[in-house]
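Here are the chains, one letter per residue:
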Amino acid sequence: MRLVYFAWVRERIGTGEEQVAPPADVATVAQLIDWLAANSAGHAAAFAERDRLRAAVDGVFVGLDASVVGVDEVAIFPPVTGG
Amino acid sequence: MRLVYFAWVRERIGTGEEQVAPPADVATVAQLIDWLAANSAGHAAAFAERDRLRAAVDGVFVGLDASVVGVDEVAIFPPVTGG
Amino acid sequence: MIRIIVSPEPIDLTAEIERAEAAGVGAVATFTGIVRADDGVGELELEHYPGVTERALTGLTQEALRRWSLAGATVVHRVGPMRPGERIVFVAATAAHRAAALEACAFLIDRLKTEAPFWKRERRGDEAHWVEQRETDVGAAARWD
Amino acid sequence: MIRIIVSPEPIDLTAEIERAEAAGVGAVATFTGIVRADDGVGELELEHYPGVTERALTGLTQEALRRWSLAGATVVHRVGPMRPGERIVFVAATAAHRAAALEACAFLIDRLKTEAPFWKRERRGDEAHWVEQRETDVGAAARWD
């Protein structure tokens, strides 16, 4: 599974992209975030404020309760600020 | 008093501008219209449908009940269609 | 900053937009009206009430500046004969933030349609007729009352 | 006709407007967002999610075409570093009649602010910070729900 990060999430983690292989019980975006935060201080810092995180799965914006089972790409980022 | 006409009001009357000296009892735009229509077939044709007429007195849009006493210029025209 | 132009010259959109943007604003909303070719019109002619037109448009832009926090308001209206595809009217509102610019732009064009002394005549072949005021235009203007 | 551009190149407003007008429409509404100089910002940098951004903007314009009777919808968004006075975003909606164009234009910019994956970072001198989403933007987008 490819993970991509943007804006201050990317900066706190220290990379914009990484490949991970989470265990089978990681079924949702929220569980993926918990698993990543438990394994790295950088991820824990980036994900400290859960209500400031947004996500997309395979390019589609989703809630943090969305499934990540069998997906290719999960993006985690702050609320968008374009325009 | 100068009268100015626009669009189909101007065309039906046959002129865009004329000088008139209405009698003293012509006190409003509506009375001016009545007086003009009584004295000319062209004006009568132009003013046949009173609810399709709009007016301005000295450059300010007014209702047909507005005063024309002592004014310099009265404009009579159809509803506007710019833009 | 108010800019009002009533002229038979074609409307130079680039120059008008660059002028509007020059004020150092964050948001520019514009509306451009174009002569439609889709109903057989070969020529459109715009008559107006010289002097009074400019006064009405100035009053309209001043009202927009009272209602919204704007940096500027522009109204450019062409008069005389014009062809399908040519611009009849250009309206712009500039502001620090987009809501004021968008709302003021819609206000200006809606109110212009019922408050400024312009009259349109359409020519199709040898026939010409004066355009009637549309009920939807009266309604659109009234929503700003 | 949908036109979506996400690019580090400066936005060529004249070319975009001429392209929008070329469809033979009667009404063109546009919104342009410009980097404001008024709060000490020396540079603005726009990050985005390549591929997904274009998909989000395409979905947004398709939604506008479903809601209103439009001839076309354009969204051009600049990415990368830019300076105060430069254009960040240009949105245009074209239609036979003005109400559709004006409403669709406001819809596109309001929804873009909350639905398209762009992130702004402002630089003031040596300091940089990520811009926070504004509650007023969330509210403006929600009025189209």
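Residues numbered from 1 in each chain as written. Chains lettered and ligands numbered in written order. Predicted model: local features only at pLDDT ≥ 70, side-chain atom pairs only at ≥ 80, totals over all residues. Heavy atoms only, no water.

**Q** Any chance you could explain the overall build of chain A here in plain terms?
**A** Scanning chain A for helices and strands turns up three helices and five strands. Each helix and strand of chain A, ordered N terminal to C terminal, gives the series β-α-β-α-α-β-β-β. For chain A, the C-alpha radius of gyration of 12 Å lies close to 12 Å, the compact-globule estimate for 83 residues. Counting only C-alpha atoms and orienting by the principal axes, one finds that chain A spans roughly 35 × 30 × 20 Å. (Helix = DSSP H or I, 4+ residues; strand = E, 2+ residues; numbered from the N terminus. Rg over C-alpha atoms; globule rule 2.2 N^0.38 Å.)

**Q** Honestly, the interface of chain D and chain A in this entry has me stumped. Any pointers?
**A** Where interface size is quoted, it is often the accessible area lost as the parts come together. With 25 residues of chain D at the interface, the matching set in chain A holds 22 residues. Both sides of the chain D and chain A interface together cover about 1,800 Å² of buried area, and 54% of this is carbon and sulfur. Considering only the surface of chain D that becomes buried against chain A, Y49, W119 and W130 of chain D emerge as the three largest contributors, covering 36% of it. On inspection of chain D and its partner chain A, the count reaches three salt bridges. Here chain D is connected to chain A by 13 residue pairs in polar contact (both at pLDDT 80 or more). When contributions to the side of chain D that touches chain A are tallied by element, the ones reaching two or more residues are β3 (43-48), α2 (52-67), β6 (87-95), α3 (98-115) and β7 (118-124) of chain D. Sort the elements by how many residues they give to the side of chain D that touches chain A and α3 of chain D lands first, with five residues. When the residues that make up the side of chain D that touches chain A are grouped by side-chain class, the tally is 14 nonpolar, four polar and seven charged. (Contact = heavy atoms within 4.5 Å. Buried area = accessible area lost by both parts, 1.4 Å probe. Salt bridge = Lys/Arg side-chain N within 4 Å of Asp/Glu carboxyl O. Polar contact = N/O pair within 3.5 Å; in protein donor to acceptor, adjacent residues only side chain to side chain. Nonpolar A, V, L, I, M, F, W, Y, C, P; charged D, E, K, R; others polar.)

**Q** Looking at this model, I keep getting lost on the environment of V80 of chain B. Mind explaining?
**A** Topologically, V80 of chain B is positioned in the segment after β5 (73-77). As a C-alpha pair, V80 of chain B and A7 of chain B span 73 residues in sequence and 9.3 Å in three-dimensional space. Not counting residues up to four positions away in its chain, the partners in contact with V80 of chain B are F61 of chain B together with K113, T114, E115, A116, P117, F118, W119 and Q133 of chain C.

**Q** Help me understand the pattern of salt bridges, please; the structure alone is not making it clear to me.
**A** Pairing of side chains with opposite charge becomes possible as their charged atoms draw close. Using the criterion set out here, one finds 44 salt bridges over all chains in the structure. Here R98 of chain C and D137 of chain D are joined by a salt bridge, their closest N and O atoms 2.9 Å apart. A residue pair is termed interchain when its members come from two chains, as with R98 of chain C in helix α3 (residues 98-115) and D137 of chain D in helix α4 (residues 135-142). We classify R98 of chain C as buried; its relative accessible area is 8%. Residue classification places D137 of chain D among the buried residues on the basis of a relative accessible area of 8%. Members of the salt-bridge network, linked through shared partners, are E11 of chain A together with E43, E45, R121 and R123 of chain D. (Buried < 20%, exposed > 50% of the residue type's maximum accessible area, 1.4 Å probe, protein only.)

**Q** It is not clear to me how the relation of the copies chain D and chain C should be interpreted in this structure. Could you clarify?
**A** Two chain copies, one operation linking them: a rotation about an axis together with a shift along it. Between the two copies, chain D and chain C, the superposition gives an RMSD of 0.0 Å; the rotation angle is 180° and the shift along the axis is 0.0 Å. Taken together, the turn and the small shift mark the pair as related by a two-fold rotation axis. The position closest to the rotation axis in chain D is occupied by the C-alpha of T30 of chain D, lying 2.6 Å away. A symmetric contact is evident, with 100% of the interface residues of chain D recurring at the interface of chain C. (Least-squares fit on C-alpha atoms with pLDDT ≥ 70 in both.)

**Q** Help me understand the packing of α3 of chain C against α3 of chain D in this model?
**A** Between two packed helices, what matters for the description is the angle formed by their axes and the separation of those axes. In the contact formed by α3 of chain C and α3 of chain D, the axes pass within 11 Å of each other and the chain directions differ by 180°. Classified by the angle between their axes, α3 of chain C and α3 of chain D sit roughly antiparallel to one another. Here α3 of chain C contributes R98, L102, C105, A106, I109, D110 and K113 of chain C to the contact with α3 of chain D, which in turn contributes R98, L102, C105, A106, I109, D110 and K113 of chain D. Its residues assigned to classes, the contact of α3 of chain C with α3 of chain D shows eight nonpolar, no polar and six charged. (Axes fitted to C-alpha atoms, helices over the stretch in contact; angles between N-to-C directions. Parallel < 35°, antiparallel > 145°, perpendicular 65-115°, else oblique.)

**Q** Any chance you could explain the pairing of strand β1 (residues 2-5) of chain B here in plain terms?
**A** On a regular strand, one side chain projects to one face of the sheet and the next to the other, so that they alternate. Where β1 of chain B and strand β2 (residues 17-19) of chain B come together, three bridges link them in antiparallel fashion. Paired with R2 of chain B across the bridge in β2 of chain B is Q19 of chain B. (Pairing = 2+ DSSP bridges.)

**Q** Please clarify how the interface of chain D and chain C should be interpreted in this entry.
**A** The interface is formed by 28 residues belonging to chain D together with 28 residues belonging to chain C. In this assembly, chain D packs against chain C so that about 2,500 Å² is buried in total across both faces, 50% of it on carbon and sulfur atoms. For the pair chain D and chain C, the number of links is six salt bridges. A salt bridge links D110 of chain C to R98 of chain D; the nearest nitrogen and oxygen atoms lie 2.9 Å apart. At the surface where chain D touches chain C, the tally comes to 14 residue pairs in polar contact (both at pLDDT 80 or more).

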